[in-house]
Structures are given as C-alpha cells and as structure tokens.
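# Working through the structure, step by step
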Amino acid sequence: MSIPTPQQRIINACEAEFAAHISDCSGFVRAVAQDLRAALHGLANEIVDQIHSAPWVVLKDGIEAQKKADAGYFVVGGLKDNPHGHVVVVVQGPLDPSHHKYPTAYWGSLLGSSYSGKKKTVNWAWSAADRDRVTYTYRVF
C-alpha cells in the first residue's frame, strides 16, 4: 500500500467529508481540517478570522492559492459576510479556464447541494461581485 501524497491526502479528506457537509460550508471546512489534524472552529465568519493569524499565512490571490495547493499545502479560502460568510478548501487542480485566476476547490453551501462544489473553480462559489475579494491562506503541516 502506497502512502498518499500531501495533495491526495487533502483531496481524500474533501471526498470523505463532502456528502455529510454538502449543505454546510463551515462544517465541511472544519471536518476536513480535523481530518488533516488542523483545528478550526465556528461558522464561516469565525473561520475567516482564524485563518488570518498564525499558523496560517495569507496569500496574495487565487493564483498563489492554487500554487500552494498544487504543492501540497492545506489552503482555505474565505470571505466574511452578514449574516453568513463562506469558506472553501482549495485543492490541487487547474485554475478556471476563462479568467485563469480562480483555484479549484470543494465547498458546501447553506443554499443547498446545487450550490455546493466538488473539484470546481471558486468563481462558482461566490458571485462575480465577491469572488475577487476572497482571502486565501495556507497552513504548513
């Protein structure tokens, strides 16, 4: 039995937690973090606050987020909103083919399963008005 790469470990955790958290972005990100032995707590807005401090490192944009995910780092994207923010787990994969700046990710959604994402680029996770305001961070294990 071979040991999965760091990139595959993150994808495996996303796959394992997706169905159970398809309608809950923060629950999904917390569960994946727990699977990877990283602690995150609270709802999306609280998670966004947590990933803005050590041991998390803020990235410049989605392109940098994709590079870190492709290198095997645990990358989370998030945007606070009232009353509910939104968070995603960025995974190894391509940038979106139209804009070439939105990374591949998994996410649940309070709006239901048709708004959740599995190996989709994050331009589908936020509105056009919000997707360029997302903060991406990574954590080293």
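Scroll up to find the structure.
What this report covers is the structure whose coordinates are included nearby. (Residues numbered from 1 in each chain as written. Predicted model: local features only at pLDDT ≥ 70, side-chain atom pairs only at ≥ 80, totals over all residues. Heavy atoms only, no water.)

## With respect to unusual backbone geometry
- Ala54 connects to Pro55 through a cis peptide bond whose omega is 15°.
- Phi is positive for His100, close to 60°, though the residue is something other than glycine.
- The phi torsion at Lys119 lies on the positive side, around 55°, for a residue other than glycine.

## As for the packing of aromatic side chains
- As enumerated under the stated definition, the model contains five aromatic pairs in all.
- Relative to Tyr106, the ring of Phe28 has its centre 6.4 Å away and its plane inclined at 20°; by these criteria the two rings are stacked. Here the residue Phe28 occupies a position in helix H2 (residues 25-35), and Tyr106 occupies one in strand E4 (residues 104-107), the gap between them amounting to 78 residues.
- With relative accessibility at 0%, the residue Phe28 sits in the buried group.
- Among the residues examined, Tyr106 registers a relative accessible area of 0% and is labelled buried.
- Measuring from ring centre to ring centre gives 5.0 Å for Tyr73 and Tyr138, while their planes differ by 65°; the resulting arrangement is edge-to-face. Taken together, the residues span a long stretch of sequence, with Tyr73 in the loop between helix H4 (62-70) and strand E2 (74-79) and Tyr138 in strand E6 (residues 135-139) at a distance of 65 residues. (Phe/Tyr/Trp six-rings, centres within 6.5 Å; stacked < 30°, edge-to-face > 60°. Helix = DSSP H or I, 4+ residues; strand = E, 2+ residues; numbered from the N terminus. Buried < 20%, exposed > 50% of the residue type's maximum accessible area, 1.4 Å probe, protein only.)

## Section: the nonpolar core
- In terms of nonpolar packing, the biggest core is built from 24 residues, with Phe28, Val29, Val32, Phe74 and Val89 touching the most fellow members.
- Ranked by size, the runner-up nonpolar core spans 16 residues in total, among them Leu59, Ala69, Trp126 and Tyr138. (Core = buried A, V, L, I, M, F, W, Y, C linked by side-chain atoms within 4.5 Å.)

## Details of the sheet that holds E4
- Overall, antiparallel pairing links the six strands, which are arranged E1-E6-E2-E3-E4-E5 in an open sheet. With partners counted over all chains shown, the strands left at the sheet margins are strand E1 (56-58) and strand E5 (117-121), one partner each. With strand direction ignored, the average angle separating the axes of adjacent strands in the sheet is 35°.
- Taken strand by strand, helix H1 (residues 6-18) contacts E2, strand E3 (86-90), E4 and E5, and its axis lies near 30° from that of E4. (Pairing = 2+ DSSP bridges. Axes fitted to C-alpha atoms, helices over the stretch in contact; angles between N-to-C directions. Contact = heavy atoms within 4.5 Å.)

## What to know about the layout of surface pockets
- The computed volume of the largest pocket comes to approximately 430 Å³.
- His86, Ser109, Leu111, Ala125 and Trp126 are the residues nearest the centre of the largest pocket, which is lined by 19 residues in total.
- When grouped by side-chain class, the residues that make up the lining of the largest pocket number nine nonpolar, seven polar and three charged. (1 Å grid on protein atoms, 1.4 Å probe; cavity = no way out; pocket = protein on both sides within 12 Å on 5 of 7 lines; lining within 4 Å. Points joined across faces, edges and corners; volume = space filled by probe spheres on them. Nonpolar A, V, L, I, M, F, W, Y, C, P; charged D, E, K, R; others polar.)

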